[in-house]
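Observations on chain architecture
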Amino acid sequence: MATMPASASDLFKSFKLKTKQQELLIRVSILCLVYILAFITRLFSVLRYESMIHEFDPYFNYRTTLYLTENGFYDFWNWFDYESWYPLGRIVGGTLYPGLMVTAVLIYRILRFLRFAVHIREVCVLTAPFFASNTTLVAYFFGKEIWDSGAGLVAAILIAICPGYISRSVAGSYDNEGVAIFALLFTFYVFVKAVNTGSLAWSLASAFGYFYMVSAWGGYVFIINLIPLYVLVLLITGRYSMRLYVAYNCMYILGMLLAMQIRFVGFQHVQSGEHMAAMGVFFLMQVFYFLDWVKHMLSDTKLFQAFLRITVTCAVAVGGIALGLGMVSGYISPWTGRFYSLLDPTYAKDHIPIIASVSEHQPTAWSSFMFDFHILLFLFPAGLYFCFKRLSDATIFIVMYGLTSMYFAGVMVRLILVATPAVCLISAIAVSATVKNLTVLLRSKNKVVQTGSTKGSGGSKSSSKALLDQSQPFQKNGAIALLFGAFYLLSRYATHCTWVTSEAYSSPSIVLAARGAHGNRVIFDDYREAYFWLRQNTPQDAKVMSWWDYGYQITAMGNRTVIVDNNTWNNTHIATVGRAMSSYEDEAIEIIRSLDVDYVLVVFGGVTGYSSDDINKFLWMVRIGGGVFPVIKEPDYLVNGEYRVDKGAAPKMLNCLMYKLCYYRFGEMLTEYGKPPGYDRARGVEIGNKDVKLEHLEEAFTTSNWIVRIYRVKPPNNRW
Amino acid sequence: MGKLWLICIASISILLPFLCNAFSPETPTDRRVLVLLDDFAIMSSHSLYFNALKSRGFDLEFKLADDPKIALQRYGQYLYDALILFCPSVERFGGSIDVAAIVNFVDSGHDLIVAADVNASDLIREVGTECGVDFDEDPSAMVIDHIGYAVSGTEGDHTLIASDDFIKSDVILGGKKIEAPILFRGIGHAVSPANSLVLKVLSASPSAYSANPKSKLSTPPPLTGSAISLVSIVQARNNARLLITGSLSMFSNRFFRSGVQKAGSQIKHEKSGNEQFLTEISKWIFHERGHLKAVNVKHHRVGETDEPALYRINDELEYAVEIYEWSGTSWEPYVANDVQLQFYMMSPYVLKTLSSDKKGLYSTSFKVPDVYGVFQFKVEHQKLGYTSLSLSKQIPVRPYRHNEYERFIPAAYPYYGAAFSMMAGFFIFSFAHLYSK
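Residues numbered from 1 in each chain as written. Chains lettered and ligands numbered in written order. Predicted model: local features only at pLDDT ≥ 70, side-chain atom pairs only at ≥ 80, totals over all residues. Heavy atoms only, no water.

Some points on the pattern of salt bridges
Pairing between side chains of opposite charge can happen when the charged atoms of each approach one another. Residue and element names in this part refer to chain A. Taken as a whole and judged by the stated rule, the model has 42 salt bridges over all chains. The closest approach of N and O atoms between Asp-393 and Arg-239, which form a salt bridge, is 3.0 Å. You can see Asp-393 sitting in helix H21 (residues 393–411) and its partner Arg-239 sitting in the loop between helix H11 (220–236) and helix H12 (242–259), a full 154 residues away along the chain. For Asp-393, a relative accessible area of 6% corresponds to the buried category. (Salt bridge = Lys/Arg side-chain N within 4 Å of Asp/Glu carboxyl O. Helix = DSSP H or I, 4+ residues; strand = E, 2+ residues; numbered from the N terminus. Buried < 20%, exposed > 50% of the residue type's maximum accessible area, 1.4 Å probe, protein only.)

What follows is the structure in structure tokens.
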């Protein structure tokens, strides 16, 4: 970089610092500020509500973390949880990614060792912001590696407040992704570093980074497919080098061995279809190296050509046969549905309703791109342009990361998260390069004006600019205007990010907030009210049936056994619950009794206007239930393909268990002034069946705003 | 003895949900019985029956059915253990008793005997309906049998019938065979097909039908043949026992004493079977017979004595339970060879017949299946005449821990060999490569 402006340099001169030291000081202080900013911008939720765990999955993570702190690692590793998936149970230790829990407990232990008397919940709540802060550091180093330290700084700032990342890492959002994005970016950074340096040590570090990522999140599959793809592209574009060979081989072999230590992954890493690309590229790499060696040994080009042909044919044939045999014998498992649905966005809708039913698995709307990326959406292509202009191993990597992750982000909403670091980095390159060019322009022009013939320290670059200057007289003003424009845009970005964070992404979703008639905030704390009721008023071994969304929360907060939960490992079991919910009451009671259910819990938003309730999710229950039990047919619940709950609704709809449980006693209730009784505010209609009578179930508890309704299963009739 | 008693009571109170919790579960025989009558003349005309009950130690309290002071419970406590309704014509009970009160009385585990008769009131019919039987809707209908009638001095309209079509159960009717037919004169009823708990104890013969004997039969009678039940019983799910009959006179001294000769039969019995039949069945109704209890449910791994919180797959375990039967005065060991245990998760994975030591102890041992999940030990012993035993105890079965697998399996030795030879080879190769020049 060039020298500082005069006044600032005077100030620094008084500290007797050299230019390099000044720069370092500025850089470090910026990074420190960014580090703190990334942390505190994620604390909105704690200030608005309280230090609590959010949403659904985090409650499971919290419960397991609690178990880990109380019972130690070995019990956690072997934990067989008989409170969920009754009566099947779940081997928790073998079906989760333990990285998050182990990390939180490690932080907890360290704090305890330092005599900070914290509760594990506080640690869990703040784990995600803490790792977001760490991510900014990694982004800085990554940016520095692929472009320069200026781009690194900008990247750190952008990623610190980018809504796409904040959405999954606010305080209380204690989910795998919070840690995993850090691990993902770290692995990529270290791998790029290893490719750039060819150092075994960096490669080893990337293997460990990969191990941490595998332990933390199922999204590691992205790494193990992107890196081979990247290597393949380098091979094809003739950028093969010894550095790449060392980096990839070491990373793949060690990373694989380490990843296999995670019980949930285990032998999948060498057997499942998703991991085959990495293995194929690994073998290809050896063939490449071998050919390189043969080429080196053979001086005769013709002979080599022949040899090449034979080797390539053999290698491809052997690889193809091996893959075919593996597939046929079942040794290599085919791709999972989740993976398919990534490659083909329509796959899940047709084949796996349980994946399609999750809102965060929906294809992304344009508005949410805009919402989550804001100006980055425009800076991203600009950054790609800069990357292509200065193509190197590192920029190829970031381009590929950016393009693939953007594709995935388009397929599934939740994968915006994976794209965010790439978008931030590439945008940072755009911002940094533009600003740098503009400032260089400004300063070099000054020099040209002042000293005329001396071309300054800028060398060939500034001389070319000087040449340009003479042809474009308004360039200085233009540069100033552009700079101001850039700063305006960036300040808009900062404002947008803060607004989004505070308004949209800091809601715990277990406590709902709405605006009252007088503009005041109304808090609906019905979920916790219901779970607390369950904990206090039901027998210790009571079984609660609900749709799977609420399973984790019921076990974690209500401490009661559930039939299905958010770990959707057994589709049949979920379909059984879906079938019970969509059958008539006397058919449903058979299923309910066969599962030893004591209580049935439904979520109902008709009183408050809360739209993500069970009636709106009901069609998914029908679809999932119908997928396994063909007696449940979706058209039975629709009228002319339309889903409705009012008088015109399908008769089966009006009498199925879910409808009855949601609307029991609702027909006599006035919800809104000027509307008839039984007016459903979530759907804006008057319900069709107001006279709901229950035979085998009885109302046990309804929360103050009717959001959660719990029913008790009656024992069989005494005399019949 | 007192100590043992205490232990028994303690163990019973743990098992309360599984057992009949009607009265005192320890002495399940009823003590206090309320008898509701149409008029007090029945006290003397049916005195043989009442005296038989009194002699067995029951405390009978006679009240008119429309007595305004009668009540089944006071301050939330039931005053009686059983209720006898000998009031077929009552339109409205006095006091606080109504059909709902009687139903609640039964549903909280108390016993009931209902005797209807010709011209039974709607109220009594309603009680019958609640118990799962439907009396003939024609109020003046009677059971008529032109073949199986009882021969009597005055040749009548064949409404006095002699029936001997009993349910085959020693538990309900006592060990001694009832030789003489039962005299019956009254209204017939059918058991409701929707009710799986009601049983015909005494059915009419195939030639019987239900109609008004005074009028000509214009339409086919609604109830015919052995579908007509003369006496029915219900054992509710909470083990409350009910008896419903369409004849009050079958309890009377006159029927008890009179001889009987079934039409077409040469044998003339000196005494009808009514006394034996009704006495024996009242023993069953009042829990002097056929009442079981299960205590001391124990399960543990083979070779251990403590009950574990959960089992591991492939554990060997032992299960034991003690089952006793109430004999009217004391608990005697229950002897049967068909008590079965299920190790159940959605469906029984293990189904074993428990072996008995004839002293009440039933036990078995088996291997936990190679499936993990939340299992239940289930004993569902439902045998005709006995109270239903339904024990279930939840027990999770976990998979192996990481260090419980076999560590040195022969099949793994090639891999160990490969790993170590690889290590050695790599060492030698490095050594040779570095120092060979």
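Quick word on the sheet that holds strand E24 (residues 347–353) of chain B
Think of a sheet as strands paired side by side through backbone hydrogen bonds, with each pair either parallel or antiparallel. Residues and elements named next belong to chain B. One open sheet holds the five strands; their spatial order is E20-E28-E27-E23-E24, and the pairing between them is mixed. Because the sheet does not close on itself, it has two edges, and the strands there are strand E20 (311–312) and E24. Pairing analysis gives three bridges linking strand E23 (residues 340–345) to strand E27 (residues 373–381), with the strands arranged antiparallel. When the sheet's bridge partners are listed, Gln-342 is paired in E27 with Lys-378. (Pairing = 2+ DSSP bridges.)

Here's the deal with the domain arrangement of chain B
Interface size is commonly expressed as the accessible area that is lost once the parts come together. All names here are of chain B. Partitioning chain B into domains gives domain 1 (15–285) and domain 2 (291–398). Once you take the C-alpha centre of each, domain 1 and domain 2 turn out to be 37 Å apart. Buried surface at the junction of domain 1 and domain 2, both sides included, amounts to about 1,400 Å², of which 59% is carbon and sulfur. Here domain 1 and domain 2 share zero salt bridges between them. Here domain 1 and domain 2 share four residue pairs in polar contact (both at pLDDT 80 or more) between them. For the side of domain 1 that touches domain 2, the per-class residue count stands at 11 nonpolar, five polar and three charged. (Domains from an automatic or database assignment. Buried area = accessible area lost by both parts, 1.4 Å probe. Polar contact = N/O pair within 3.5 Å; in protein donor to acceptor, adjacent residues only side chain to side chain. Nonpolar A, V, L, I, M, F, W, Y, C, P; charged D, E, K, R; others polar.)

Brief notes about the UniProt feature "domain: Oligosaccharyl transferase STT3 N-terminal" (unreviewed entry) in chain A
Here the UniProt-annotated "domain: Oligosaccharyl transferase STT3 N-terminal" (unreviewed entry) positions come out as residues 28–426 of chain A. Helix makes up 74% of residues 28–426 of chain A and strand makes up 1%, while its end C-alpha atoms are separated by 22 Å. (UniProt positions renumbered as here; feature names shortened; annotations may be inferred.)

Quick look at the environment of A:Val607
Residues and elements named next belong to chain A. Following the sequence through the fold, Val-607 ends up in the loop between strand E7 (599–603) and helix H29 (614–628). For the pair Val-607 and Asp-596, spaced 11 residues apart in sequence, the C-alpha to C-alpha distance is 30 Å. Excluding residues that lie within four positions of it along the chain, Val-607 makes contacts with Phe-666, Met-669, Thr-671, Arg-681, Asn-705 and Trp-706. (Contact = heavy atoms within 4.5 Å.)

Let's talk about the pairing of strand E1 (residues 32–37) of chain B
Residues and elements named next belong to chain B. Across the six residues of E1, five count as buried, placing the element largely inside the fold. Sheet topology note: the E1/strand E2 (residues 59–64) ladder contains six bridges and is parallel. Paired with Val-35 across the two strands is Phe-62, which belongs to E2. Pairing of E1 with strand E5 (residues 82–86) involves five bridges; the strand directions are parallel. Residue Leu-36 lies in a different strand from E5, and its bridge partner there is Leu-85.

Regarding the side chain of B:Ser169
Residue and element names in this part refer to chain B. Positionally, Ser-169 belongs in the loop between strand E10 (165–166) and helix H6 (170–173). A residue is classified by how much of its surface remains accessible, and Ser-169, at 8% relative accessible area, is buried. Not counting residues up to four positions away in its chain, the partners in contact with Ser-169 are Gly-174 and Leu-384.

Focus: the domain arrangement of chain A
With domains assigned, chain A is organised as domain 1 (175–333), domain 2 (364–443 + 484–496) and domain 3 (525–713). Each of domain 2 of chain A and domain 3 of chain A has a C-alpha centre, and the two are 44 Å apart.

Focus on the packing of aromatic side chains
Applying the stated criterion across every chain yields a total of 76 aromatic pairs over all chains. Geometrically, the ring pair formed by A:Phe604 and A:Phe666 is edge-to-face, given 5.1 Å between the ring centres and 85° between the ring planes. One end of the pair, A:Phe604, is in the loop between E7 and H29; the other, A:Phe666, is in the loop between helix H31 (657–663) and strand E8 (679–680), and 62 residues separate them in sequence. Classification of A:Phe666 as buried rests on a relative accessible area of 0%. Judged by centre distance (5.0 Å) and plane angle (35°), the rings of B:Tyr319 and B:Phe377 are tilted. Of this pair, B:Tyr319 sits in strand E21 (residues 316–326) while B:Phe377 is found in strand E27, placing the two residues 58 residues apart along the sequence. The class of B:Tyr319 is buried, set by a relative accessible area of 2%. Judged by its relative accessible area of 0%, B:Phe377 is buried. Counting every residue linked through ring pairs, the aromatic cluster contains A:Tyr140, A:Phe141, A:Phe142, A:Phe188, A:Tyr189, A:Phe191, A:Phe222, A:Tyr230, A:Phe397, A:Tyr401, A:Tyr407 and A:Phe408. The ring of A:Trp620 is capped by A:Arg623, whose NZ or CZ atom sits 4.5 Å from the centre of that ring. A cation sits over an aromatic face here: B:Arg31 above B:Phe58, 5.9 Å from the ring centre. (Phe/Tyr/Trp six-rings, centres within 6.5 Å; stacked < 30°, edge-to-face > 60°. Lys NZ or Arg CZ within 6 Å of the ring centre and 35° of its normal.)

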